[in-house]
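So the chains spell out like this:
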Amino acid sequence: MYSQFYIANQLPQIDNALNFQKCLVVGNWLMVASLIIVSMCIAITFGFEDSFGIPTQISAHIATIVFAGLLKIGYVLRCVALHAFGVKVF
């Protein structure tokens, strides 16, 4: 079985299994990190807007878009790796 958040000791017997394992790990960590950052940016932008200045709010708006895109890239990396490992349901 393959690991989700670190490189596993035993990998399936497929071509480039180590590369797909790395793809899966990077995709998962990218999704986790992006989700945390997007959540913080949304909180800054809409939840605590009175506590932050305009430059910080503008940065949070821009960062929300950028890190939401990174979240999607992480999901695609994860889907590619799982497809290579033969998983049919993501």
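This text gives an overview of the structure that appears in the document. Remember, predicted model here, so these are calculated numbers, not experimental data. (Residues numbered from 1 in each chain as written. Predicted model: local features only at pLDDT ≥ 70, side-chain atom pairs only at ≥ 80, totals over all residues. Heavy atoms only, no water.)

## Quick notes on helix α1 (residues 17-47)
With 31 residues, α1 should reach 45 Å at 1.5 Å per residue; the first-to-last C-alpha distance of 43 Å fits that figure. Of all the positions in α1, only A17, Q21, C23, L24, V25, G27, N28, S34, V38, C41 and T45 are classed as buried. (Helix = DSSP H or I, 4+ residues; strand = E, 2+ residues; numbered from the N terminus. Expected span 1.5 Å × (residues − 1). Buried < 20%, exposed > 50% of the residue type's maximum accessible area, 1.4 Å probe, protein only.)

## Some remarks on the environment of K88
With respect to the element layout, K88 can be found in the segment after α2 (54-84). Sequence separation of K88 and T45 is 43 residues, and the distance between their C-alpha atoms is 38 Å.

## As for a nonpolar patch on the surface
Together, F5, Y6, W29, V32, I36 and M40 make up an exposed nonpolar region whose accessible area comes to about 630 Å². Along the polypeptide, Y6 turns up in the segment before α1. Exposure remark for Y6: the relative accessible area of 57% places this residue in the exposed category. (Patch = residues over 30% accessible without salt bridge, like charges linked within 9 Å, V, L, I, M, F, W, Y side chains within 5 Å. Areas by Shrake-Rupley, 256 points an atom, 1.4 Å probe, with all protein chains shown as cover. Salt bridge = Lys/Arg side-chain N within 4 Å of Asp/Glu carboxyl O.)

## Points about the nonpolar core
Counting six residues, the largest nonpolar core consists of A17, C23, L24, A81, L82 and F85. Taken together, the elements giving at least two residues each to this core come down to α1 and α2. Among the elements that line this core, the one with the most residues is α1, at three residues. In this view, C23 contacts L77 and A81; residues no more than four positions away in its chain are not counted. (Core = buried A, V, L, I, M, F, W, Y, C linked by side-chain atoms within 4.5 Å. Contact = heavy atoms within 4.5 Å.)

## Quick look at the packing of α1 against α2
Two elements in contact, α1 and α2, have axes separated by 7 Å at closest approach and are oriented at 155°. By the criterion of interaxial angle, the relationship of α1 to α2 is roughly antiparallel. Of the two elements, α1 crosses α2, and the hand of that crossing is left-handed. Considered class by class, the residues forming the contact of α1 with α2 number 26 nonpolar, nine polar and one charged. (Axes fitted to C-alpha atoms, helices over the stretch in contact; angles between N-to-C directions. Parallel < 35°, antiparallel > 145°, perpendicular 65-115°, else oblique. Left-handed = near helix turned anticlockwise from the far one by under 90°. Nonpolar A, V, L, I, M, F, W, Y, C, P; charged D, E, K, R; others polar.)

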